[in-house]
Amino acid sequence: MRGKRIAVLAAAIALVSGGSTADAIVGGTPAQVADTPWVVAITTADGQLICGGALVAPDKVVTAAHCVTNKGVIGGDQRLPQQLRVVAGRTDLRVKNEGLDAPVAGVWRHPDYREVTRGDDVAVLTLASTLPYRSIPLGEADDDGVVLGYGRTAENSAPSMTLRKVTVPVLSDRECARKEPDYRPGAMLCAGRGGRDACTGDSGGPLVVRGRLAGVVSFGRGCARADEPGVYTRLAHYRPVLGF
Ligand code: ARG
């Protein structure tokens, strides 16, 4: 419900402010998977982009809980492993012979996840086999970060489908709580400033701080708007439940 109200509000603000904001991820530049081999895309079985993710072990991908939840189903049930694919080693998702597609053997969704703005927006996919790409360790959000993804380059654009990245400032819990009423200090983090942000399709993807995976793209009001930082799942908070 809450999510829907935000979407409606976002649409209204977009109209009032004269449409979409800024450009590209938003405000970013092209990236190469060779430089960040742990970046993955999560797609449907027929190759539609659902979300981003990150390899944290040769057979484990961290993503967002809302990426593995079927929308429009009462209670928001979990997607089945056979409905998901992990695509790794592919800078341009349209180049199907680049990198590898991995079937998913298991989906773990945070047991407390209810809807995206309430947090606990984290999930782990177990792959049916290992992938030959470097994984990324978890870390703290104690500096500026880089967010990567294949998603939209503007609020109303189509997904980029090629990997992009942007450097974003990580704000303090106090600032985030002031800007985002649903903010949960300690369990979320917020990052970005007008013109630089993740956007739709980047969900589940990595926020990297000092070479470690610090956050998972979770939600935002529109994309890259002035005074509307993107909200991320703060992974350090979930270390005990993730067990790695
Ligand atoms: N929830 C969106 C998705 O499903 C991404 C939200 C990120 N938005 C933002 N402005 N940081 O892809």
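For the structure, see preceding data.
**Student:** Just to check I follow, could you spell out the site of the ligand for this structure?
**Tutor:** The immediate surroundings of the ligand are formed by 15 residues, with Asp 197, Gly 201, Ser 203, Ser 218 and Gly 222 found nearest. In this structure, Asp 197 approaches the ligand through a side-chain N or O atom, which is 2.8 Å from a nitrogen atom. Between the ligand and the protein, one listed contact pairs a nitrogen atom with a backbone N or O atom of Ser 218 at 3.2 Å. Relative to its unbound accessible surface of 350 Å², the ligand loses 86% to contact with the protein. Grouping the amino acids of the shell around the ligand by side-chain chemistry returns five nonpolar, eight polar and two charged.

**Student:** Help me understand the sheet that holds strand β9 (residues 164-168) in this model?
**Tutor:** Strands belonging to one sheet form pairs held by backbone hydrogen bonds; the direction of such a pair is parallel or antiparallel. Strand order across the open sheet formed by seven strands is β1-β9-β8-β11-β12-β13-β10, with antiparallel pairing between neighbours. Among the strands making up the open sheet, the edge pair consists of β1 (29-30) and β10 (188-191). Summarising the sheet, strand β12 (residues 212-219) and strand β13 (residues 230-234) pair through four bridges and their orientation is antiparallel. Note on β13: the bridge partner recorded for Val 216 is Thr 233. Those strands touched by helix α3 (residues 235-242) are β12 and β13, and its axis lies near 35 degrees from that of β13.

**Student:** Looking at this model, I keep getting lost on the pairing of strand β2 (residues 39-44). Mind explaining?
**Tutor:** A regular strand carries its side chains on alternate faces of the sheet. With six of six residues buried, β2 is to be regarded as a mostly interior element. Direction of pairing for β2 relative to strand β5 (residues 84-88): antiparallel, over a ladder of five bridges. Along β5, the bridge assignment pairs Thr 43 with Arg 85.

**Student:** Honestly, the pattern of salt bridges in this entry has me stumped. Any pointers?
**Tutor:** Pairing between side chains of opposite charge can happen when their charged atoms approach one another. Applying the stated rule across the entire model yields 10 salt bridges. Of the charged contacts in the structure, one is a salt bridge between Glu 155 and Arg 225, with a shortest N-O distance of 2.6 Å. Note that Glu 155 is positioned in the loop between β8 (145-149) and β9 and Arg 225 in the loop between β12 and β13, a separation of 70 residues in sequence. With a relative accessible area of 7%, Arg 225 lands in the buried category. Where salt bridges share partners, they join Asp 142, Asp 143 and Arg 210 into one cluster.

Scoring rules and cut-offs
- Residues numbered from 1 in each chain as written.
- Predicted model: local features only at pLDDT ≥ 70, side-chain atom pairs only at ≥ 80, totals over all residues.
- Heavy atoms only, no water.
- Near = heavy atom within 4 Å.
- Polar contact = N/O pair within 3.5 Å; in protein donor to acceptor, adjacent residues only side chain to side chain.
- Areas by Shrake-Rupley, 256 points an atom, 1.4 Å probe, with all protein chains shown as cover.
- Nonpolar A, V, L, I, M, F, W, Y, C, P; charged D, E, K, R; others polar.
- Pairing = 2+ DSSP bridges.
- Helix = DSSP H or I, 4+ residues; strand = E, 2+ residues; numbered from the N terminus.
- Contact = heavy atoms within 4.5 Å.
- Axes fitted to C-alpha atoms, helices over the stretch in contact; angles between N-to-C directions.
- Buried < 20%, exposed > 50% of the residue type's maximum accessible area, 1.4 Å probe, protein only.
- Salt bridge = Lys/Arg side-chain N within 4 Å of Asp/Glu carboxyl O.

It is worth stressing that arrangement in space is one thing and function is another; only the former is reported here.
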